[in-house]
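Breakdown of the fold
Next come the chains, spelled out residue by residue.
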Amino acid sequence: MPARCFDAQVFSRTQVAPAIHRLTVRWPETVPMPHAGQFCMLRAWGRDEAPLLSRPISVHEAYPISGDEPICENGQPLQLVTFLFEVKGRGTDCLAKLEAGDTLQITGPAGNGFDFSGLAEGTRVALVGGGIGTAPLYQAARELAAMGIRADVYYGFRDEPYEMEPYRHTAGVVRVATDSGRVGFHGFVTQMLKPEQYDLVVCCGPEVMMRRVAAMCAQQNTRCLVSLEKKMACGIGACLGCTCKTASGEGKSVCKHGPVFDAKEVFE
Amino acid sequence: MSNLHVSLLGKTLPGPVIAASGTFGYGVEYGEIVDLGVLGGVCSKGLTLNPKYGNEGERLLETPSGLINSIGLQNPGVRHFIDNELPAMRQALAGTGTAILANLGGGCIEDYEEGCELLCQAGVDFVELNISCPNVKHGGIAYGVKPESAKEVVSRVRRVCSRPLIVKMSPQAEDIGRMAAACVEAGADALSLVNTFQACAIDLEKRRPVFNNIFAGLSGPAVRPIALRMVWQAVGAVDGAVPVIGLGGIASGEDALQFIMAGAAAVQVGTANFADPHACQRITREIDQWMDAHGVNSLDEIRGCARG
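The structure presented is a predicted model; accordingly, all values stated were derived computationally and were not measured.

Each value, and the rule that gives it
- Residues numbered from 1 in each chain as written.
- Chains lettered and ligands numbered in written order.
- Predicted model: local features only at pLDDT ≥ 70, side-chain atom pairs only at ≥ 80, totals over all residues.
- Domains from an automatic or database assignment.
- Helix = DSSP H or I, 4+ residues; strand = E, 2+ residues; numbered from the N terminus.
- Nonpolar A, V, L, I, M, F, W, Y, C, P; charged D, E, K, R; others polar.
- Core = buried A, V, L, I, M, F, W, Y, C linked by C-beta atoms within 7 Å.
- Buried ≥ 20, exposed ≤ 12 C-beta atoms within 10 Å, placed from the backbone.
- Contact = placed C-beta atoms within 7 Å.
- Pairing = 2+ DSSP bridges.
- Axes fitted to C-alpha atoms, helices over the stretch in contact; angles between N-to-C directions.

Turning our eyes to something else, we now look at the domain arrangement of chain A. The parts lose accessible area when they come together, and the size of an interface is often stated as this lost area. Residue and element names in this part refer to chain A. Here chain A is described as being made up of domain 1 (4-110) and domain 2 (125-227). On a C-alpha basis, the centroid separation for the pair domain 1 and domain 2 is 23 Å. Contributions of two or more residues to the side of domain 1 that touches domain 2 are made by β1 (4-17), β4 (55-63) and β7 (80-86). When residues in the side of domain 1 that touches domain 2 are grouped by element, the largest group, 5 residues, is from β4. Among the residues making up the side of domain 1 that touches domain 2, the classes are represented as 9 nonpolar, 6 polar and 2 charged.

Given below as structure tokens:
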């Protein structure tokens, strides 16, 4: 499904941790709802204002999906899409200043999300995330829960975890590791994860972490999906700025063919 | 509603705005976003005879009002394009008068010739010969700096090109006017300019250039006034012998009109598509609105008017 480009209204924006923001927008009925693992190009500044490019931000929550209680406004059910992002520079700083009622330009939903089709109830799934890479995994947990699969969660943070509470209702075992040891396990998620316990591992985080998880999964013959991050100009497969090399040597666009890939396709 | 039609190389285009090569995929990617039928044309991503992976390492860097890219002509090759992307482009543009421009980069002259022959047989509307890609050693820029080299490749391709031939010029040309004249003398039916400006950036943490090739191509609003100066010079040099298509940082109808008043037959819009996926359509509308507000019925009334 090709991406659309439209203006959306901010429903809410809150800071949930230092430099981490939750941005919820009213999603137009005319645009297909995004799936877990998809992302959007967000722009909260004029087309002729800096920075030049919009910012690719992954979908944290798409609401409602089957089983969700509808949220109504004036008797009308709302469609809401939430992005969780970290302020890294000028673009994300602009996004962090949005308030309810503001508008922003969205291009999306973009990319292929996590493909959970064909997973049977009882499939053992682990969600492995690092830092802001945990953002797309929440919608993954929600979609899996709607299929009767309660995924186990292994998340690593530098110091203070954020946005963990909602997993109580959607996930199985939740395990947290921090680099500082302040919360949970003192160390890396890769020290807690046992891929042999799972049929599928879904991973998003720093590349070094994803490569390690992918290698561990490969050793145990556990299927592993990774969600890649690259600089993007267009977000829809036109500029070829975000190409990654696949096992066959062919280049694929992270924005269009990804950002989700089978780990075997993109990591040796 | 003014008349936005543009007569270019024997074809009547629905509008003066052409989506520039490398910024619009094969048109299909923007099919749900832009009404492709209002565009004058869609340029394919730069093609080469054989498939190319493109450059390793960083490919993009934002700069103030600009974008440096080092894509390196990633493309599936001319034959794959003809069998796969071209039919999809045709389908996306079916029922419109929007032209299909195949942008052809090269290695050696023989590759340019063979690629061009194949594209002409496949029936693209125009061939845009890229002698200006700064990101591949033999991607064309070697031919885009000295008029003698440009003349050689253009005249050789001219002989095998059965479709109108547009030559896309580099701002790195030693002398824009002489280069424009040389391309026309060698048989170009039209010129388009400018491609990206060779640029550089250094990563302070790594203490190394950002791009593996050290230099890469700068585009976007930052280059527009220089691009406009070069278009002005090219229009002057060819003196009406062939149409000149202007591009370089155009992001609004007013920008586009400046190029047209400098004498451009049509314009291309590239980097602006990234900031605003509606850019080509919006710029077309803004040109239309300006013409309406100023009682201009056709672009012919104002083309080149700034030259006095």
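Right, let's talk about the nonpolar core for a bit. Where a protein is soluble and globular, its nonpolar side chains tend to be buried together. Residue and element names in this part refer to chain B. The biggest cluster of nonpolar side chains holds 143 residues, and the ones touching the most others in it are L191, V231 and V267. With 9 residues, the single largest contributor to this core is helix α6 (residues 224-238). Discounting residues that sit within four places of it in the chain, L191 has contacts with I166, V167, M169, A180, C183, A234, V238, V242, V244 and I245.

Residues and elements named next belong to chain B. By the criterion of burial, helix α7 (residues 253-261) is predominantly enclosed, with 7 of the 9 residues buried. If you follow the buried residues of α7, they end up packed against β3 (17-19), α6, β15 (244-246), β16 (266-269) and α9 (279-293). G263, located one to two residues past α7, shows a positive phi value of around 115°.

This part covers the interface of chain A and chain B. The interface of chain A with chain B comprises 22 residues on the first partner and 30 residues on the second. Of the residues belonging to the side of chain A that touches chain B, the class tally is 13 nonpolar, 5 polar and 4 charged.

This next bit is on the sheet that holds strand β9 (residues 165-168) of chain B. Residue and element names in this part refer to chain B. In space, the 8 strands of this closed barrel follow the order β3-β4-β7-β8-β9-β10-β15-β16, with parallel pairing throughout. When the angles between neighbouring strand axes are averaged without regard to direction, this sheet yields 30°. As defined by bridge partners, strand β10 (residues 190-193) adjoins β15 across 3 bridges and the pair is classed as parallel. Bridge pairing in β15 places L193 opposite G246.

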